[in-house]
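Chain by chain, the residues:
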Amino acid sequence: MADVTLKAVLMGEDRSLSKTMNKAGDSVEGVGKKAKVSGEVMKGILGSQIVSAAVDSLSELVGEAARATDATDKFKQTLAFAGFKNTAIAKATKDAQAYADATVYDLGTIQNTTAQLAANGVRDYSGLTRAVGNLNAVSGGSADTFKSVAMMLTQTAGAGKLTTENWNQLADAIPGASGILQDQMRKNGAFTGNFRDAMADGQITAAEFNKAIMQLGNKPVAVAAAKSTKTFEGAIGNLQAEITAICQRNVDKLKKVGDQFGIATRYTKYEDVLKD
């Protein structure tokens, strides 16, 4: 309808323009009126686009909240299967949610990293997840690079030592962290001589690498960087986290009402309404 109206206005404008040769005064007034109408039409078009974009964004956040709820259930199941007690699972779940709410990092990545570190025997699995996220942020990384760095961290934990392949993955993601990590590991006595030779020989254990991550990632400047809202990504990410958290709490309540299949059906209908 907006396109038809706009075309009609433009056609009228063209007809009005053709009369300006004879009635300059009238045409100026006509052009002014039609320009005003055109402006109102354009405002209507832009307004509808903004509303549509807002609804789409809200729908995506609702979907993200549902996925986060499912991911949390799986996270708890994974830790339970690994032999963790309910109190430890509850604390890890709370810690992961709090870190996701405070940063631009998505809950799924945080939970997956925490669970894999826990399964590989890392004692402070939640703390190490936060530390690597903080280090990623202070080194100029983003939410996307965090996924790569987190994967590298869990792979190193699984291998039991720092490998060249895993190190290169981290260095590619956040080059700014390469030098300071090497310096910290050297100070800790994790290796002597040439870093890459020591790494290739398997001298640097996963525990020694994790220690350096914890030391650097828990520095105040690193902690602050992960929670910063000064960047556009940080501000938008924190806003999305707040909205998603609200949606997630409501999805959690719905899940407790009845069986999961019924709730999933009602949720799907709700999301469809938002998309429409």
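The model shown is predicted, which means the values in this text are computed figures rather than measured ones.

(A) Geometry of the pattern of salt bridges. The full count for this structure, using the stated rule, is 2 salt bridges. Across the pair aspartate 95 and lysine 91 runs a salt bridge, and its minimum N-O distance is 2.9 Å. With aspartate 95 and lysine 91 both in helix α3 (residues 86-102), this residue pair falls 4 residues apart, about one helical turn. Here aspartate 95 falls in the buried class, since its relative accessible area comes to 18%. Classification of lysine 91 by relative accessible area gives exposed; the value is 53%. Here aspartate 106 makes a salt bridge to lysine 147, at a shortest N to O gap of 4.0 Å. Of the two residues, aspartate 106 sits in the loop between α3 and α4 (107-119) while lysine 147 sits in helix α6 (residues 143-159), which places them 41 residues apart along the sequence.

(B) Spotlight on the nonpolar core. Grouped together as the largest cluster of nonpolar side chains are 47 residues, with contacts concentrated most on Leu162, Trp167, Leu181, Met185 and Phe209. Here this core gets 7 residues from one element, more than from any other, and that element is α6.

(C) Structural context of the packing of helix α5 (residues 125-138) against helix α10 (residues 206-217). Direction vectors running N to C along α5 and α10 enclose 65°, while the axes themselves pass 8 Å from each other. For α5 against α10, the interelement crossing comes out left-handed. Contacts between α5 and α10 involve Gly127, Leu128, Ala131, Val132, Asn134 and Leu135 from the first element and Asn210, Ile213, Met214, Leu216 and Gly217 from the second. Looking at the contact of α5 with α10 residue by residue, the class counts come to 7 nonpolar, 4 polar and no charged.

(D) Structural context of the environment of threonine 163. Within the element layout of this structure, threonine 163 appears in the loop between α6 and α7 (164-173). When its relative accessible area of 22% is taken as the criterion, threonine 163 is described as partly exposed. Sequence separation between threonine 163 and methionine 199 is 36 residues, and the spatial gap between their C-alpha atoms is 6.1 Å. A polar contact is formed between the side chain of threonine 163 and the side chain of asparagine 166, at a distance of 3.2 Å.

(E) Just the environment of threonine 113, in detail. Positionally, threonine 113 belongs in helix α4. We classify threonine 113 as buried; its relative accessible area is 2%. For threonine 113 and arginine 130, which are 17 residues apart along the polypeptide, the C-alpha to C-alpha distance reads 9.8 Å. Apart from residues lying up to four places away in sequence, threonine 113 is in contact with Thr129, Ala150 and Thr154. Here threonine 109 takes part through its backbone oxygen, which lies 2.7 Å from a polar atom of the side chain of threonine 113.

(F) Geometry of the side chain of threonine 114. Inspection of the secondary structure assignment puts threonine 114 in helix α4. A residue is classified by how much of its surface remains accessible, and threonine 114, at 2% relative accessible area, is buried. Other than its neighbours up to four places away in sequence, threonine 114 contacts Phe75, Tyr125, Ser126 and Thr129.

(G) Main features of the packing of α4 against α5. The geometry of α4 relative to α5 is characterised by a closest axis approach of 8 Å and an angle of 130° between their N-to-C directions. Relative to α5, the element α4 lies oblique. Handedness of the crossing formed by α4 with α5: right-handed. Note on element contacts: α5 touches α4 through Tyr125, Ser126, Leu128 and Thr129, opposite Ile110, Thr113, Thr114, Leu117 and Ala118. A class-by-class count of the residues in the contact of α4 with α5 yields 5 nonpolar, 4 polar and no charged.

Conventions adopted
- Residues numbered from 1 in each chain as written.
- Predicted model: local features only at pLDDT ≥ 70, side-chain atom pairs only at ≥ 80, totals over all residues.
- Heavy atoms only, no water.
- Salt bridge = Lys/Arg side-chain N within 4 Å of Asp/Glu carboxyl O.
- Helix = DSSP H or I, 4+ residues; strand = E, 2+ residues; numbered from the N terminus.
- Buried < 20%, exposed > 50% of the residue type's maximum accessible area, 1.4 Å probe, protein only.
- Core = buried A, V, L, I, M, F, W, Y, C linked by side-chain atoms within 4.5 Å.
- Axes fitted to C-alpha atoms, helices over the stretch in contact; angles between N-to-C directions.
- Left-handed = near helix turned anticlockwise from the far one by under 90°.
- Contact = heavy atoms within 4.5 Å.
- Nonpolar A, V, L, I, M, F, W, Y, C, P; charged D, E, K, R; others polar.
- Polar contact = N/O pair within 3.5 Å; in protein donor to acceptor, adjacent residues only side chain to side chain.
- Parallel < 35°, antiparallel > 145°, perpendicular 65-115°, else oblique.

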